[in-house]
Amino acid sequence: MSPSANCQVCGAVLSGPLGLLSLVLGVRRSPRNPNLCNRCSAHLKDGLVAEITAVFADLSGFTRLTRELGPERTSAIVDAFLRAASQAIHRHDGMVDKFLGDAVLAVFGAPIRRPDHARRAVAAAVDIQLMMDALSARFGVTLGARVGVSSGTVRLGHVGGDDAASFTAIGDAVNRASRLEGAAAVGEIAVDAEILQAVAAAFPEARAEPLELKGFDEPVAAGRLRATAATAAALRPADDAQAVRRVGRWAAVLAALGAPCAGFYLFSPLIVALGYGAVFQNATFLLVDGFLDDGPARIVLSSLSIAAALACLGLVVRVRLRRRRQGNVAARGERRQERKLLALAAIALALVAWEHWVHLALYGKSFWHMR
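Residues numbered from 1 in each chain as written. Predicted model: local features only at pLDDT ≥ 70, side-chain atom pairs only at ≥ 80, totals over all residues. Heavy atoms only, no water.

1. What about unusual backbone geometry?
And then number 1: The step from Ala110 to Pro111 runs through a cis peptide bond, and the omega angle for that step is 0°.
And then number 2: Relative to the assigned elements, Pro111 resides in the loop between β3 (103–108) and α5 (117–130).
And then number 3: Within the chain, Asp93 stands out as a residue other than glycine whose phi angle is a positive 65°.
And then number 4: Looking at the element boundaries, Asp93 is found in the loop between α4 (71–91) and β2 (94–100). (Helix = DSSP H or I, 4+ residues; strand = E, 2+ residues; numbered from the N terminus.)

2. Quick word on the nonpolar core
And then number 1: Phe81, Val122, Val149, Ile189, Phe203 and Leu225 are the most contacted members of the largest nonpolar core, which has 46 residues in total.
And then number 2: Sort the elements by how many residues they give to this core and α4 lands first, with nine residues.
And then number 3: Of all hydrophobic cores here, the second largest spans 17 residues; its members include Ala50, Ile52, Ala103 and Val154. (Core = buried A, V, L, I, M, F, W, Y, C linked by side-chain atoms within 4.5 Å. Buried < 20%, exposed > 50% of the residue type's maximum accessible area, 1.4 Å probe, protein only.)

3. Describing the pattern of salt bridges
And then number 1: One pass over the structure, following the stated rule, counts 13 salt bridges.
And then number 2: Among the salt bridges present, the one from Glu68 reaches Arg64, with a minimum N-O distance of 3.3 Å. Separated by four residues within a single helix, Glu68 and Arg64 lie in helix α3 (residues 62–69), roughly one turn from each other.
And then number 3: Since its relative accessible area comes to 31%, Arg64 is described here as partly exposed. (Salt bridge = Lys/Arg side-chain N within 4 Å of Asp/Glu carboxyl O.)

4. A look at the packing of α4 against helix α6 (residues 132–139)
And then number 1: The N-to-C vectors of α4 and α6 enclose an angle of 150°; their axes lie 11 Å apart at closest approach. Taken together, the axes of α4 and α6 lie roughly antiparallel to each other. Regarding α4 and α6, the two cross each other, and that crossing is right-handed. Residues Arg73, Ala76, Ile77, Ala80 and Phe81 of α4 lie in contact with α6, whose contacting residues are Met132, Leu135, Arg138 and Phe139.
And then number 2: Per-class residue counts for the contact of α4 with α6 are seven nonpolar, no polar and two charged. (Axes fitted to C-alpha atoms, helices over the stretch in contact; angles between N-to-C directions. Parallel < 35°, antiparallel > 145°, perpendicular 65-115°, else oblique. Left-handed = near helix turned anticlockwise from the far one by under 90°. Contact = heavy atoms within 4.5 Å. Nonpolar A, V, L, I, M, F, W, Y, C, P; charged D, E, K, R; others polar.)

5. A closer look at the side chain of His92
And then number 1: Along the chain, His92 falls in the loop between α4 and β2.
And then number 2: Owing to a relative accessible area of 9%, His92 belongs among the buried residues under this scheme.
And then number 3: With residues near it in sequence (within four places) discarded, His92 still touches Phe108, Arg120, Ala123, Ala124 and Asp127.

6. As for the environment of Leu211
And then number 1: Locating Leu211 in the fold gives a position in strand β7 (residues 209–211).
And then number 2: When its relative accessible area of 8% is taken as the criterion, Leu211 is described as buried.
And then number 3: Linking Leu211 and Arg179, residues 32 residues apart in sequence, is a C-alpha distance of 9.9 Å.
And then number 4: Setting aside its immediate chain neighbours within four residues, Leu211 contacts Leu180, Ala183, Pro219, Val220, Ala222 and Arg224.

7. Details of the pairing of strand β4 (residues 145–158)
And then number 1: Most of β4 is tucked away, with eleven of its 14 residues classed as buried.
And then number 2: The pairing of strand β1 (residues 48–59) with β4 spans twelve bridges and is classified as antiparallel. Paired with Ala57 across the strands is Val147, a residue of β4.
And then number 3: Pairing of β4 with strand β6 (residues 188–192) involves three bridges; the strand directions are parallel. Bridging across to β6, Val147 finds its partner in Ile189.
And then number 4: Sheet analysis places β4 next to strand β5 (residues 167–170), joined by four bridges and oriented antiparallel. Bridged to Leu156 within β5 is Ala169. (Pairing = 2+ DSSP bridges.)

8. Considering the environment of Ala190
And then number 1: Mapped onto the fold, Ala190 is located in strand β6.
And then number 2: Look at Ala190 and you get buried, because its relative accessible area is 0%.
And then number 3: Sequence-wise, Ala190 and Arg179 are eleven residues apart; in three dimensions their C-alpha atoms are separated by 9.3 Å.
And then number 4: Ignoring any residue separated from it by four or fewer positions in sequence, one finds Ala190 in contact with Val147, Gly148, Val149, Leu180, Ala184 and Gly223.

Written out as structure tokens, the structure is:
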């Protein structure tokens, strides 16, 4: 399944002719999830507290493989496993948190907010288990995986630095998913009781059982799931394709009206150009006694400057209201971009107001009145 044509958070176009325009404007696919743009992914840099589902998937028998196959071939197997697991995670709107040797940690529910993130996480876990036969046939060796899945409130963000390696999810859900993975048998998906309830229809024979997990004082109610083609089909949502089409239909409109990604990059160079246009008007007026001041170009440029400034002000207000409604935290780069837009809008409006004042002072007539 190919990545979505649009960012699944803001709707910015990421492929096709408009995708090239987005690329020029600095909007591209996020390396953490190709269904996200880099700006929406940047929301996580300063931190986000969210209800998510964590998935911890591990290639079993890593030590044995290294001893029997050697480091080079084992590295190729691990690389293939992590790539295939990442594709399964992305396919169900999850985000890769990090790779830990031969394991991958992923989160579902943020930044792509889905109310059924628990089901999507299990669907990705099922896909990971089902892909192991193909990997075994590819490398001519029996391979298996263990997966743990748990839901809860976590904090996503950078700790200890700004590099990509410092990004992490912190919370009981992550710890529990890791411990459930350790308690699962090869080929199993161990889930907590909340997850088991969410996917009970797809696994009617699964039953909750208490598991002793390291680091937890009391036994944790959990279930053991087995992946089959039938369970994969039962977990697949019927409305995903329709949702993607709906996002794609409105993506260009959302970006033009101020989606929090393409809108910034679209309006920022525009307001800079028009701001310089206003400066050029006034400089020409002072140096050559109104050479440009007598023609219609003055009114056109001034009107465009005012329109762009008001558009930028509206853009920042719209993005901040949208961010507050979704509970997102602005990344540092986005806050700088907002301040730049507000400053440029203020400069453009101040230049137009200054020229209006000069007209009144020198000519005693309205700014918009031609001589």
